[in-house]
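Chain by chain, the residues:
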Amino acid sequence: MPQLKPIERPPPELIQPFWEFGTATISSALREVCDIRRAFITGPVAYTPGLKTVGTAVTLSFLPKREDVISGRAEEEQEVRSALWAAVIATQKGDVLVVDARGNMQTGCLGGMLMTGIHAKGATGLVVDGCVRDTPEARALGLPLFLRGATPHNASHFEMYPWDYNVAIGCGDILVVPGDIIVGDDDGVVVVPPKVAPEVIDYCRTREGREDFERIKLRETGDIEKYYPLNAEGQKEYEEWLRNQQEQR
């Protein structure tokens, strides 16, 4: 097994607020405030609808397998000495394991046993640009899963092999660095660099508060012209509503 690598995790107070926000709002914040346009991991979708993940990225990289480098057909005998086992061991409470599987639809990057292990350790989610196996067992765990699909094969079958962990990876064509903040919901998965997290949090709090008001008024009136986006009159109503909300806290 490779030597375990340290990871710099953001403080909990920088991560916790993201449980309040949807990925749609976070994506807008990254684009509009931070000028980060490539933050949405394309490919993996919610395999456990309704379950959200927020946490620190632990990364795992698969690369194409070549028989003269990785020989034989043994499964766990090889894998237990690979970056896969190291990544699982490195995953802690509050982490999200993010796997670059190069979009491969044959290799099962993790199975039920390893997913059970990271769930028991307190991992908050799993994001795989590829497949896992034992999906009925995995769904029953309650671990939020964001995957391209499922397969009966294990991590050392066919084309791919787990090569390294806690290195920068490209998951769904998006750069993920160990220690990044990962947020996933039914809309998908976004990556928030910790250095811009305070700006994103401020934006999301403001925008989602405004959208709560807009949604209430649209349900009451259906008046799109006034309430989405807010015109001058609607903005005045929102500001008064916001003051009332703050006074009630």
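Residues numbered from 1 in each chain as written. Predicted model: local features only at pLDDT ≥ 70, side-chain atom pairs only at ≥ 80, totals over all residues. Heavy atoms only, no water.

Caption draft 1: Here's a closer look at helix α4 (residues 83-90). Counting buried positions along α4 gives six out of eight residues, so the element sits mostly inside the fold. Those residues of α4 that are buried lie in contact with β3 (53-64), β4 (95-100), α5 (112-120) and β9 (160-165). Measuring from the backbone nitrogen of Leu-84 back to the side-chain oxygen at the start of α4 gives 3.1 Å, which picks out Ser-82 as the cap. (Buried < 20%, exposed > 50% of the residue type's maximum accessible area, 1.4 Å probe, protein only. Helix = DSSP H or I, 4+ residues; strand = E, 2+ residues; numbered from the N terminus. Contact = heavy atoms within 4.5 Å. Polar contact = N/O pair within 3.5 Å; in protein donor to acceptor, adjacent residues only side chain to side chain.)

Caption draft 2: Geometry of α5. Three or more residues of α5 are buried, namely Gly-112, Leu-114, Met-115 and Ile-118. Projection of α5 onto a plane perpendicular to its axis shows the buried side chains occupying an angular sector of 165°, all on one side. Among the exposed residues of α5, those pointing more than 90 degrees away from its buried face are Met-113 and Ala-120. Next to the buried residues of α5 lie α4, β4, β5 (125-128), β6 (131-132), α6 (135-141) and β7 (145-147). Looking one or two residues past α5, Gly-122 carries a phi angle of roughly 100°, positive in sign. (Arc of directions from axis to C-beta.)

Caption draft 3: Layout of a nonpolar patch on the surface. There is a patch of nonpolar side chains on the surface, built from Leu-63, Val-69 and Trp-163 and spanning about 230 Å² of accessible area. Secondary-structure assignment places Leu-63 in strand β3. Since its relative accessible area comes to 34%, Leu-63 is described here as partly exposed. (Patch = residues over 30% accessible without salt bridge, like charges linked within 9 Å, V, L, I, M, F, W, Y side chains within 5 Å. Areas by Shrake-Rupley, 256 points an atom, 1.4 Å probe, with all protein chains shown as cover. Salt bridge = Lys/Arg side-chain N within 4 Å of Asp/Glu carboxyl O.)

Caption draft 4: Expanded view of the pairing of strand β12 (residues 181-185). With five of five residues buried, β12 is to be regarded as a mostly interior element. Burial along β12 is two-sided: the residues Ile-181, Val-183 and Asp-185 and Ile-182 and Gly-184 are all buried. Pairing geometry for β3 and β12, over four bridges, is antiparallel. Among the inter-strand pairings, Val-54 is bridged to a residue of β12, identified as Val-183. Inspection of the sheet shows β12 paired to strand β13 (residues 188-192) by five bridges, in the antiparallel sense. (Pairing = 2+ DSSP bridges.)

Caption draft 5: Region of interest: unusual backbone geometry. In this structure, the amide linkage connecting Tyr-228 to the following residue, Pro-229, adopts the cis form with an omega of -5°. Tracing the backbone shows Pro-229 in the loop between α8 (224-227) and α9 (232-248). Although it is not a glycine, Asp-35 sits at a positive phi angle of roughly 55°. Relative to the helices and strands, Asp-35 is located in the loop between α2 (23-32) and β1 (40-41). A relative accessible area of 55% means that Asp-35 is categorised as exposed. Not every positive phi belongs to a glycine, and Asp-173 is a case in point at roughly 65°. With respect to the helices and strands, the residue Asp-173 is situated in the loop between β10 (169-171) and β11 (174-176). With a relative accessible area of 62%, Asp-173 lands in the exposed category.

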